[in-house]
Amino acid sequence: YAAKRHGKGRVHRFTPDLLAADDDATLAAELRVALAEGQLEVLYQPIVATADGRCTAVEALVRWRHPERGLLSPATFLGVAEARGLIVPVGAHVLARACTDVASWYDAGHPVAVHVNASAAQLSAPGAVADVIRNLVEHGLAADRLVIEVTESSALDTPAVRAALQELDALGVRIAIDDFGTGYAALTALRELPVDVVKIDKSFVTGAATSVADEAVVYAIVEMAHRLGLETVAEGVETPEQEHFAGAVGATSVQGYLHGRPMTAADLTAWLAARSPVPVG
Ligand code: C2E
Ligand code: MG
Ligand code: MG
Ligand code: MG
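What you see is a predicted model; the values in this text were computed from it and never measured.

Trainee: Give a detailed account of the layout of surface pockets, specifying residues and quantitative values.
Mentor: The computed volume of the largest pocket comes to approximately 840 Å³. In terms of lining, the largest pocket is formed by 34 residues, of which the most central are Glu59, Leu61, Pro74, Asn117 and Asp178. The set of elements that each furnish at least two residues to the lining of the largest pocket consists of strand S2 (55-66), helix H2 (74-83), helix H3 (87-107), strand S4 (113-117), helix H4 (120-124), strand S5 (146-151) and strand S6 (174-180). Considering each element in turn, the lining of the largest pocket owes the most residues, 5 residues, to S2. Classifying every residue of the lining of the largest pocket gives 15 nonpolar, 10 polar and 9 charged.

What follows is the structure, given as structure tokens:
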């Protein structure tokens, strides 16, 4: 009876679940168009060494420049991309863009590495490793210029994902565990995956100023990583105090708004040039 007031043909839209499903279908259809029409952009955020302040790497972070809704963050569309089988083309787009841009920074005298996020679904897709190789070769990039970031989760614990990570590692591509400490089996991931870099989750970095527990966790992660010969990146560093803390505990690098928000490739080129002028002649 209530449905009738809203006109015929709309009855099915009344339950919130169906509403959400309908929205997801629309979003997925729009995302297909976005892929075809180049609406997906890649922003880059600097990763800065605590030892000398050099920018050693950047993280590629996807955005969707939606024609009506403006610039959309990954949280608004990656879930739908995963659910609707679009995460592989989205990931392929980001990887290709990141390799193109890191090659151009290399040519401009800025030998940064590029971190690219990958979900378990992307890594277990057929041809995932071949796609990485193709991009490296096409842009003449050494494998260690690329760091694949994975978030430790139960989804990583499959033979296909492990095989892909082992193959990438054997090629010399580096592997980072993202948001370290927040997952269900962070220590198992360290033991079982070919990890090179541990990214300490922002929540611990932020909490360390006020929480003895968070401070201890950061200390312990850095100490353990050091013993394992792994690099550490403190994520979400927003203040000089947080950077100082990261340096004092021995983290290799920091990433966060303090040094730079995610920015366009052009803006990052200018940022790199302003920071470390290329010697002339
Ligand atoms: P992430 O990989 O942990 O990336 C770091 C996120 O923290 C980014 O959010 C970044 O903008 C944000 N961030 C960096 N520094 C600070 C800071 O100082 N303060 C605060 N409050 N935030 C900071 P973003 O760009 O919205 O990305 C969210 C997540 O989406 C990423 O988390 C990553 O898991 C995922 N993601 C982004 N791009 C891709 C992609 O190309 N492929 C896949 N599979 N996932 C992606
Ligand atoms: Mg990441
Ligand atoms: Mg390795
Ligand atoms: Mg993270």
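Moving on from the model shown.
Trainee: With reference to specific residues and values, describe the coordination of the magnesium ion (ligand 3).
Mentor: Binding of the magnesium ion (ligand 3) to the protein goes through Asp169 (OD), Asp196 (OD) and Asp196 (OD), at separations of 1.9 to 2.7 Å. Taken together, the residues Asp169 in helix H6 (residues 159-171) and Asp196 in the loop between helix H7 (186-192) and strand S7 (197-200) connect sequence positions 27 residues apart. A residue is classified by how much of its surface remains accessible, and Asp196, at 23% relative accessible area, is partly exposed.

Trainee: I'd like a description of the coordination of the magnesium ion (ligand 2), backed by residues and values.
Mentor: Protein coordination of the magnesium ion (ligand 2) is provided by Glu59 (OE), Asn117 (OD1), Glu149 (OE) and Asp178 (OD), with donor distances spanning 2.0 to 2.2 Å. Donor residues binding the magnesium ion (ligand 2) come from one chain and are separated in sequence as E-x57-N-x31-E-x28-D. If you look at the magnesium ion (ligand 2) and the magnesium ion (ligand 4), they sit 4.2 Å from each other and are both ligated by Asp178. On the criterion of sequence distance, the pair formed by Glu59 in strand S2 and Asn117 in strand S4 is long-range, its members being 58 residues apart. For Asn117, a relative accessible area of 27% corresponds to the partly exposed category.

Trainee: Describe the environment of Val212, naming the residues involved and giving the relevant values.
Mentor: Relative to the helices and strands, Val212 resides in helix H9 (residues 212-227). For the pair Val212 and Asp169, spaced 43 residues apart in sequence, the C-alpha to C-alpha distance is 36 Å.

Trainee: A description of the nonpolar core should follow, citing residues and the corresponding values.
Mentor: Core analysis: the largest hydrophobic core is formed by 77 residues, its most contacted members being Leu31, Tyr44, Trp105, Leu123, Leu146 and Ile148. Element by element, the count of residues in this core is highest for H3, at 9 residues. Discounting residues that sit within four places of it in the chain, Leu31 has contacts with Leu40, Trp64, Phe77, Ala81, Leu86 and Val90. One finds Ile47, Ala57, Ala113 and Ala176 within the second-largest nonpolar core, a separate group that totals 7 residues.

Trainee: Break down the site of ligand 1 for me, citing the residues and quoting the values.
Mentor: Around ligand 1, 22 residues are found, and the nearest of them are Glu59, Arg63, Asp178, Glu238 and Tyr257. Here an oxygen atom of ligand 1 and a side-chain polar atom of Glu59 are 2.9 Å apart. Between ligand 1 and Val62 there is a distance of 3.2 Å, counted from a nitrogen atom to a backbone nitrogen or oxygen. Here ligand 1 has 800 Å² of accessible area as a free molecule, and 79% of this is covered by the chains. Counting only elements with at least two residues in the shell around ligand 1, the list comes to S2, H2 and S6. Split by residue class, the shell around ligand 1 holds 8 nonpolar, 6 polar and 8 charged.

Trainee: Quick rundown of the pattern of salt bridges? Include the residues and the values.
Mentor: Per the counting criterion, the structure on display carries 15 salt bridges. A salt bridge links Asp144 to Arg145; the shortest N-O distance between them is 3.7 Å. Taking the relative accessible area as the measure of exposure, Asp144 reaches 37% and is therefore partly exposed. Judged by relative accessible area, which is 18%, Arg145 ranks as buried. Across the pair Glu192 and Arg162 runs a salt bridge, and its minimum N-O distance is 2.9 Å. Taken together, the residues Glu192 in helix H7 and Arg162 in helix H6 connect sequence positions 30 residues apart. Each of Asp157, Arg162, Arg191 and Glu192 takes part in salt bridges that share partners, so that together they form one network.

Trainee: With reference to specific residues and values, describe the packing of H3 against helix H5 (residues 128-138).
Mentor: One way to put it is that H3 packs onto H5 with a least axis distance of 9 Å and a crossing angle of 20 degrees. The angle between H3 and H5 falls in the class roughly parallel. When the axes of H3 and H5 are compared, the crossing they make is right-handed. Listed contacts from H5 to Ala92, Leu95, Ala96 and Cys99 of H3 are Asp131, Val132 and Asn135. Split by residue class, the contact of H3 with H5 holds 5 nonpolar, 1 polar and 1 charged.

Trainee: Hey, could you go over the environment of Leu61 for me, with residue numbers and the actual values?
Mentor: Mapped onto the secondary structure, Leu61 falls in strand S2. Separated by 19 residues in the primary sequence, Leu61 and Val42 place their C-alpha atoms 5.5 Å from one another. Apart from the residues within four sequence positions on either side, Leu61 is in contact with Glu41, Val42, Leu43, Gln45, Asn117 and Pro262.

About the criteria used
Residues numbered from 1 in each chain as written. Chains lettered and ligands numbered in written order. Predicted model: local features only at pLDDT ≥ 70, side-chain atom pairs only at ≥ 80, totals over all residues. Heavy atoms only, no water. 1 Å grid on protein atoms, 1.4 Å probe; cavity = no way out; pocket = protein on both sides within 12 Å on 5 of 7 lines; lining within 4 Å. Points joined across faces, edges and corners; volume = space filled by probe spheres on them. Helix = DSSP H or I, 4+ residues; strand = E, 2+ residues; numbered from the N terminus. Nonpolar A, V, L, I, M, F, W, Y, C, P; charged D, E, K, R; others polar. Donors = N, O, S within 2.8 Å, 3.2 Å for Na, K, Ca; no water. Buried < 20%, exposed > 50% of the residue type's maximum accessible area, 1.4 Å probe, protein only. Core = buried A, V, L, I, M, F, W, Y, C linked by side-chain atoms within 4.5 Å. Contact = heavy atoms within 4.5 Å. Near = heavy atom within 4 Å. Polar contact = N/O pair within 3.5 Å; in protein donor to acceptor, adjacent residues only side chain to side chain. Areas by Shrake-Rupley, 256 points an atom, 1.4 Å probe, with all protein chains shown as cover. Salt bridge = Lys/Arg side-chain N within 4 Å of Asp/Glu carboxyl O. Axes fitted to C-alpha atoms, helices over the stretch in contact; angles between N-to-C directions. Parallel < 35°, antiparallel > 145°, perpendicular 65-115°, else oblique. Left-handed = near helix turned anticlockwise from the far one by under 90°.

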